[in-house]
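One-letter residues, chain by chain:
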Amino acid sequence: MSTPAKEFSLAELMICAGAEAFRHDGEVLATGIGLIPRLAASLAMKTFNPDLMMTDSEAFVLSEPNPVGNRPDDFVQKNETWMGFSRIFDNVWSRKRHAMVGPTQIDQYGQANISTLGGSYEQPKVQMLGVRGFPGNSISHANSFFVPSHNKRVFVGGECDMVASIGYNPARLPKGYSLNDVDIRFVVTDLCIMDWQGPDHQLRLVSLHPGVSVKDVQENTGFDVFIPEQIAETAAPTEEQLNIIQQLDPHNLRARQLKDNPPGRR
Amino acid sequence: MDKRMTTADMVGELRDGMTIGIGGWGPRRKPMALVREILRSDLKDLTIVAYGGADVGMLCAAGKVKKVVFAFVSLDFIPLEPYFRQARQKGEIEVMEIDEGMMLLGLRAAAWGCPFIPTQIGLGTDVIKVNSDLKVIGSPYDEKEWVAMPALKLDVSLLHVDRADERGVCQIKGADHYMDDWFARAAEKTFVTCDELVDSDYFADPEQSRYVFWERSMTTGVSLMPGGAHPSSCTPLYGFDVAHFKEYNASAKEGGFAVYFDKYISNTTEEEYQQKVGGLEAIRSLPMPVY
């Protein structure tokens, strides 16, 4: 399982890096929102964490991840149990879940936003989805973030325009809680991997994608990132991983997720 | 007991200012024939509670809405509902924006006769800041604070199901019945449209009755309305109409809702509407979505 691939796309690098977020999760419901996070969770389940559970993105828990996109007429998915939306919440509130989500804004506290941008709350400049399940997810179980374009519009200074998920903000900490009750794991971007294990849960650089510098990361983040002395290069996908990704994404939808489908080595 | 009604009769029971729950989820199994009937009416000042899709967008665009209680409004494959966005960005509507699970708790509280259900959800977020009527309370059992999610009492719920009998036994065969059971239980009255009307004997088969998710006592009226969820889906009978949703979405940038309304809804019966979108056969052959 360890022949490094000579060529790979940035999307494939991010899928493999994202899979690492689920490596030590054991038996939890892994939910990747969006194609790359879903493939990341699927890859983890197909390789180093077969105990993961996933849904068909509709109403069933699967014992094997579905390939993405149109499937052949004779395809039979490996159902395990029904999990309609109301039961998803039973799972969420039981804490046995790790979601990888794609916020529009993330601030220095790990608070995230998919609701509104700018203007006033009564009349926002931009209305997006609404808070969806962010408030419940963020206080109930582990969450990781996926950011396809690492820039200061996503990683904002100050606080998010609408704080949809709880983060490591002491000023907002609910009575009876400690910051350690919040569980934000990895941040996978097109530049690097980060986590929230810097001093006082500061955002910390973990690894740089090939050809990316510390300066690139700091210049594209609207607040200070903790830079440790040792920074690894994000591991290249292995040939074996690329083969499994190909099976999970036979129509190569991953090639359309990042603008111009850049190579993994810049 | 015969609970059959027309959709016009159902909308005739609605009043200005009512709080109306709408079942389904985003572009899935929405009671769109009933929504179109409301759009043709002079109803106004409605408070809509929904896992929102085009139902919410259309009602906002037509000026029917005073307030939306929501966690999201989305067409799924078109992430942002165009007319809900416009209404928000013009500051035209009040909102109560809550987590998806909080909405479920609010419906359950209403169904169970509780004033509220305590939850962690919303703590540490702006949900408890922007909703001034959402209270944070102490626990009698520990030192933690909790959000008291208030009951979302509904005057009326509007639902679409696969099939029903004339007594109001309702069946949903799709993979998920979403929160329709809780919408039915949280409401004073529940009006249901169905794709098929069946004899009560149909449910004698346990393979059929196990897909009934609320008791007929929760159903006030039923109306046979084949294809009545269009352009949303009613799986396994039909998928959602991607082309129609694209046209609807594009109309927001080309002429606005009036263009869409005049073309498909204004002075149009449901039968005529279906002819305009290709007929019931075409609706029934819309492919199932792949997720």
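Residues numbered from 1 in each chain as written. Chains lettered and ligands numbered in written order. Predicted model: local features only at pLDDT ≥ 70, side-chain atom pairs only at ≥ 80, totals over all residues. Heavy atoms only, no water.

- As recorded by an unreviewed UniProt entry, chain B carries the name CoA-transferase and is attributed to Endozoicomonas montiporae.

- The name given to chain A in an unreviewed UniProt entry is Ketoacid CoA transferase, and the organism recorded there is Endozoicomonas montiporae.

## Focus on the overall build of chain B
No. 1: Of regular secondary structure, chain B possesses twelve helices and eleven strands.
No. 2: Here chain B has a C-alpha radius of gyration of 19 Å; the compact-globule value for 291 residues is 19 Å, and the two agree.
No. 3: Here chain B, with 291 residues, has 59% of them falling under the buried criterion.
No. 4: Per element, the accessible surface of chain B, about 11,000 Å² overall, is 50% carbon and sulfur. (Helix = DSSP H or I, 4+ residues; strand = E, 2+ residues; numbered from the N terminus. Rg over C-alpha atoms; globule rule 2.2 N^0.38 Å. Buried < 20%, exposed > 50% of the residue type's maximum accessible area, 1.4 Å probe, protein only. Areas by Shrake-Rupley, 256 points an atom, 1.4 Å probe, with all protein chains shown as cover.)

## Examining the pairing of strand β2 (residues 46-50) of chain B
All names here are of chain B.
No. 1: Extensive coverage of β2 is indicated by the burial of five of its five residues.
No. 2: Neither face of β2 is open: one carries Leu46, Ile48 and Ala50, the other Thr47 and Val49, and all of them are buried.
No. 3: Regarding the hand of the β-α-β motif, the stretch spanning strand β1 (residues 19-22), helix α2 (residues 32-40) and β2 is right-handed.
No. 4: The parallel pair β2 and strand β3 (residues 65-70) is bridged by helix α3 (residues 54-61), and the resulting crossover is right-handed. (Right-handed = clockwise from strand over helix to strand, strands pointing away.)

## A short note on the sheet that holds strand β4 (residues 79-82) of chain A
All names here are of chain A.
No. 1: In spatial order, the strands read β2-β3-β4; together these three strands make up an open sheet with antiparallel pairing. In this open sheet, the two edge strands, each paired with only one partner strand, are β2 (54-55) and β4.
No. 2: Two elements, β2 and strand β3 (residues 60-62), share two bridges in a ladder whose sense is antiparallel. From the neighbouring strand, Thr55 faces β3, where its bridge partner is Val61. (Pairing = 2+ DSSP bridges.)

## Examining helix α3 (residues 85-93) of chain A
No. 1: Burial in α3 of chain A covers these residues: Phe85, Ser86, Ile88, Phe89, Asn91 and Val92 of chain A.
No. 2: With its phi angle positive at about 80°, Arg95 of chain A sits one or two positions after the end of α3 of chain A.

## As for the domain arrangement of chain B
Residues and elements named next belong to chain B.
No. 1: Taken as a whole, chain B is organised into domain 1 (7-100 + 153-274) and domain 2 (113-150).
No. 2: Inter-centroid distance (C-alpha atoms) of domain 1 to domain 2 is 29 Å.
No. 3: With six residues of domain 1 at the contact, the number on the domain 2 side is seven residues.
No. 4: Carbon and sulfur atoms make up 65% of the area that domain 1 and domain 2 hide from each other, which totals about 470 Å².
No. 5: Counting every contact that joins domain 1 to domain 2 gives zero salt bridges.
No. 6: Connecting domain 1 to domain 2 are one residue pair in polar contact (both at pLDDT 80 or more).
No. 7: In terms of residue count, the dominant contributor to the side of domain 1 that touches domain 2 is strand β4 (residues 94-97) (three residues).
No. 8: Tallied by class, the residues present in the side of domain 1 that touches domain 2 amount to three nonpolar, no polar and three charged. (Domains from an automatic or database assignment. Contact = heavy atoms within 4.5 Å. Buried area = accessible area lost by both parts, 1.4 Å probe. Salt bridge = Lys/Arg side-chain N within 4 Å of Asp/Glu carboxyl O. Polar contact = N/O pair within 3.5 Å; in protein donor to acceptor, adjacent residues only side chain to side chain. Nonpolar A, V, L, I, M, F, W, Y, C, P; charged D, E, K, R; others polar.)

## Focus on empty space enclosed by the protein
Residue and element names in this part refer to chain A.
No. 1: For the coordinates displayed, the defined rule picks out one cavity of 30 Å³ or more.
No. 2: By volume, the largest cavity amounts to about 80 Å³.
No. 3: Around the largest cavity, the lining is made up of 13 residues, and of these Phe134, Ser138, Asn143, Phe145 and Ser165 lie nearest the centre.
No. 4: Among the elements of the structure, α4 (134-140) and β10 (142-147) are those that each provide at least two residues to the lining of the largest cavity.
No. 5: Tallying contributions element by element places α4 first for the lining of the largest cavity, with three residues. (1 Å grid on protein atoms, 1.4 Å probe; cavity = no way out; pocket = protein on both sides within 12 Å on 5 of 7 lines; lining within 4 Å. Points joined across faces, edges and corners; volume = space filled by probe spheres on them.)

## Examining the side chain of Asn49 of chain A
Residues and elements named next belong to chain A.
No. 1: The topology assignment puts Asn49 in the loop between α2 (35-46) and β2.
No. 2: Given a relative accessible area of 3%, Asn49 falls into the buried group.
No. 3: Asn49 has contacts with Phe22, Arg23, Asp25, Gly26 and Ala44, leaving out every residue within four places of it along the chain.

## Things to note about the sheet that holds strand β6 (residues 135-138) of chain B
Residue and element names in this part refer to chain B.
No. 1: One open sheet accounts for three strands, arranged β5-β7-β6; its pairing is antiparallel. Looking at the sheet topology across the chains shown, the edges are occupied by β5 (116-119) and β6. Ignoring which end each strand starts from, the neighbouring axes of this sheet average 40° apart.
No. 2: Both β5 and strand β7 (residues 145-150) contribute to a ladder of four bridges, which runs antiparallel. Within the sheet, the bridge partner assigned to Thr119 lies in β7 and is Val147.
No. 3: The sheet strands contacting helix α5 (residues 100-112) are β5 and β7, and the helix crosses β5 at an angle near 145°. (Axes fitted to C-alpha atoms, helices over the stretch in contact; angles between N-to-C directions.)

## Overview of the pattern of salt bridges
All names here are of chain A.
No. 1: Per the counting criterion, the structure on display carries 31 salt bridges over all chains.
No. 2: Of the charged contacts in the structure, one is a salt bridge between Arg185 and Asp25, with a shortest N-O distance of 3.0 Å. With Arg185 in strand β11 (residues 184-189) and Asp25 in the loop between α1 (10-20) and β1 (29-32), the pair connects residues that are 160 residues apart, well separated along the chain.
No. 3: Assessed through its relative accessible area of 27%, Arg185 is described here as partly exposed.
No. 4: With relative accessibility at 16%, the residue Asp25 sits in the buried group.

## A few points about the interface of chain A and chain B
Interface size is often expressed as the accessible area that is lost when the parts come together.
No. 1: Contact residues are listed per partner, giving 48 residues for chain A and 44 residues for chain B.
No. 2: When residues of chain A are sorted by the area they lose upon contact with chain B, Phe85, Gln127 and Arg132 of chain A head the list and together hold 18% of the total.
No. 3: At the junction of chain A with chain B, the criterion picks out two salt bridges.
No. 4: Residue Glu100 of chain B pairs with Arg132 of chain A through a salt bridge whose shortest N-O separation is 2.8 Å.
No. 5: Of all the secondary structure elements, the ones that give two or more residues to the side of chain A that touches chain B are α3, β9 (124-127) and α4 of chain A.
No. 6: If one sorts the elements of the side of chain A that touches chain B by residue count, α4 of chain A sits on top with five residues.
No. 7: Residues that form the side of chain A that touches chain B fall into these classes: 21 nonpolar, 16 polar and eleven charged.

## Brief notes about the environment of Val136 of chain B
No. 1: Positionally, Val136 of chain B belongs in strand β6.
No. 2: Every residue in contact with Val136 of chain B, bar those within four places of it in the chain, is listed here: Leu123, Ile128, Glu145, Trp146 and Val147 of chain B.

## Description of the packing of aromatic side chains
No. 1: For the structure on display, the rule yields 22 aromatic pairs over all chains.
No. 2: Residues Trp112 of chain B and Trp182 of chain B carry aromatic rings whose centres are separated by 5.5 Å and whose planes lie at 85° to one another, so their mutual orientation is edge-to-face. With Trp112 of chain B in helix α5 and Trp182 of chain B in helix α7 (residues 180-186), the pair connects residues that are 70 residues apart, well separated along the chain.
No. 3: Overall, the relative accessible area of 12% leaves Trp182 of chain B in the buried class.
No. 4: When the ring centre of Tyr121 of chain A is taken as origin, the NZ or CZ atom of Arg88 of chain B, which lies over that ring, is 4.9 Å away. (Phe/Tyr/Trp six-rings, centres within 6.5 Å; stacked < 30°, edge-to-face > 60°. Lys NZ or Arg CZ within 6 Å of the ring centre and 35° of its normal.)

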